[in-house]
Amino acid sequence: MGKLFGTDGVRGVAGKDLTCELSLKIGRGTAAVLTKLDGHRPKILIGKDTRVSGDMLESTLAAGLCSVGADVVLLGVIPTPGVAYLVRKYQADAGIMISASHNPMEFNGIKIFKGDGYKLPDEVENQIEEHVFNNCAGIRLAEGADIGRIHSCTTAVADYVDYLREHIDADLTGLKVLFDCANGASANVAKQLFPSLGCECGFMGMEQDGVSVNDGCGSTHLEALESAVKAGGYDCGIAFDGDADRCLGCDENGAEMDGDKIIALVGADMKERGRLDGNTAVVTVMSNLGFMKYMESIGIQTARTAVGDRYVLEEMRASGYAIGGEQSGHVIFLHHATTGDGELTAGKLLKVLVRKKAQNGAKMSDLNAVYTKYPQVLINLVADKDQKQAYKEDEYIAGYIESEQQNLMGMGRVLVRVSGTEPKIRVMVEGQDQQAIQASADRIAEIIKQRILNK
């Protein structure tokens, strides 16, 4: 029957893969699985980012939910972590976010949160998939007065901004920061939040025209932000992705700061203040070796998971750790949130900068120099579902990758994985010798092309 849910919800090209018909079924399946239709009328929130297909999918999702007797509350354009927070504040049975995160405009996605603000576990996603693949047969449809109703919420952004302001708990007076909102869901929140914290702010990526989200801007395209920060004399730059669940940055010189750097800096600060539960940060297998060695040098342990913020969160919850995240900018603060939150992350990072600036006049470039990254080569190979599966089953490729790992002789590592959110196979090689890792990555990519992609 295939698989709908990847590592971060259902994704696809809107209107082609993610159709109105499919979203209607997902709505029905979600209402059937997540709510107990035992006398109370379930309430489900829907938020969306700025992409043009959001309205279409919002309408069909809402129709599917209402047809099973659920009431729907439309939050409008709001970041993904805003939905995760508001589902608890508004005491809803579930929250749904319509977004394809960092992906281009033509893609969209559906991710679902339970009433406690956490993403669905695999077994619940599987139950929803069963309903969808079974054409929702067996789901009792509501009639008459039992049909759900749709309401619009006008306080969602304001309530979310209040929550962020409380949990960041910082006075950022004296900082001059440029924010790139990726023409996405963070714009309405950022322009209210950060000035209220005392920060002198500049903003870019503020268009909400439905087609410009992530287009040459935001956390996947830092070049414009880096140039503007240097030209404008800013202390640093902050970039969000389309749904603002991730955050990257740059220092005053325009040098990039990825998720590893942010976790290292904020994690060290938490350790100093006795807030680093378990003295451990949770990261994925993609985290840089330079990061790992730095954390070891300051006495912080690291736990590593598969790629995907859901796996980071699972480890954090199971072991009681307070901070975790991904190199790509998903950072989770379990004291405050149930999912990665770009604007919360930005606030925490800027709070560290203010503290260090007051202590010794430190600039963001001083913080950014906390460790040197090992060189990494990343090659993204376009692959459809069948090609991804063929790669997983090819024993020759698996053996070849292992031989390339051995060739690095302990001076680096190889990681090849199938993306859970994009039609890609990712080849990553990391090590001290730039020429050697580039050659290794090229050889692996060529073998995959020959055996899988060019057939």
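Before any of the text, the structure's been laid out above.
No experiment lies behind these values; they were computed from the predicted model shown.

What counts as what
Residues numbered from 1 in each chain as written. Predicted model: local features only at pLDDT ≥ 70, side-chain atom pairs only at ≥ 80, totals over all residues. Heavy atoms only, no water. Helix = DSSP H or I, 4+ residues; strand = E, 2+ residues; numbered from the N terminus. Rg over C-alpha atoms; globule rule 2.2 N^0.38 Å. Buried < 20%, exposed > 50% of the residue type's maximum accessible area, 1.4 Å probe, protein only. Contact = heavy atoms within 4.5 Å. Areas by Shrake-Rupley, 256 points an atom, 1.4 Å probe, with all protein chains shown as cover. Lys, Arg positive; Asp, Glu negative; His and termini not counted. Charge placed at Lys NZ, Arg CZ, Asp CG, Glu CD. Axes fitted to C-alpha atoms, helices over the stretch in contact; angles between N-to-C directions. Parallel < 35°, antiparallel > 145°, perpendicular 65-115°, else oblique. Left-handed = near helix turned anticlockwise from the far one by under 90°. Nonpolar A, V, L, I, M, F, W, Y, C, P; charged D, E, K, R; others polar. Pairing = 2+ DSSP bridges. 1 Å grid on protein atoms, 1.4 Å probe; cavity = no way out; pocket = protein on both sides within 12 Å on 5 of 7 lines; lining within 4 Å. Points joined across faces, edges and corners; volume = space filled by probe spheres on them.

## A closer look at the overall build of the protein chain
In step 1: Counting secondary structure elements, the protein chain contains 15 helices and 19 strands.
In step 2: For 455 residues, the compact-globule formula gives about 23 Å, and the C-alpha radius of gyration of the protein chain, at 22 Å, lands near that figure.
In step 3: In terms of overall dimensions, the protein chain has a C-alpha envelope of 65 × 60 × 40 Å along the principal axes.
In step 4: In the protein chain, which comprises 455 residues, the proportion classed as buried is 58%.
In step 5: Taking the contacts inside the protein chain whose residues are at least 6 apart along the sequence as the reference set, 72% of them involve residues at least 24 apart.
In step 6: Of the roughly 18,000 Å² of accessible surface on the protein chain, a fraction of 48% belongs to carbon and sulfur atoms.
In step 7: Seen as two clouds, the 48 positive and the 62 negative side-chain charges of the protein chain have centres 2 Å apart.

## Things to note about the packing of helix α1 (residues 20-34) against helix α2 (residues 54-67)
In step 1: Contact pair α1 / α2: the axes reach a minimum separation of 7 Å and the direction vectors enclose 40°. Taken together, α1 and α2 sit at an angle that is classed as oblique. For the pair α1 and α2, the sense of crossing is right-handed. Where α1 approaches α2, its residues C20, S23, L24, I26, G27, R28, T30 and A31 are matched on the opposing element by M56, L57, T60, L61, A63, G64, L65 and S67.
In step 2: When grouped by side-chain class, the residues that make up the contact of α1 with α2 number nine nonpolar, six polar and one charged.

## Re the sheet that holds strand β7 (residues 150-152)
In step 1: Spatially, the seven strands line up as an open sheet ordered β1-β2-β6-β5-β3-β4-β7, and their pairing is mixed. The open sheet has two free edges, formed respectively by β1 (5-6) and β7, since each of these has just one partner strand.
In step 2: This element, helix α3 (residues 80-89), spans β3 (43-48), β4 (71-77), β5 (94-98) and β6 (107-114) of the sheet and lies at about 170° to β5.

## Section: empty space enclosed by the protein
In step 1: Across all of its chains, the model carries two cavities of 30 Å³ or more by this definition.
In step 2: Along the walls of the largest cavity sit F5, T7, D8, G9, K111, I112, K119, L120, E125 and R310, which together make up its complete lining.
In step 3: The residue makeup of the lining of the largest cavity, split by class, is three nonpolar, two polar and five charged.
In step 4: If you add up the space inside the second largest cavity, you get close to 30 Å³.
In step 5: As for the second largest cavity, its lining consists of P81, A84, Y85, R88, Y163, A337, T338, T339 and D341.
In step 6: With four residues, the top contributor of residues to the lining of the second largest cavity is α3.
In step 7: Of the residues contributing to the lining of the second largest cavity, the split by class is five nonpolar, two polar and two charged.

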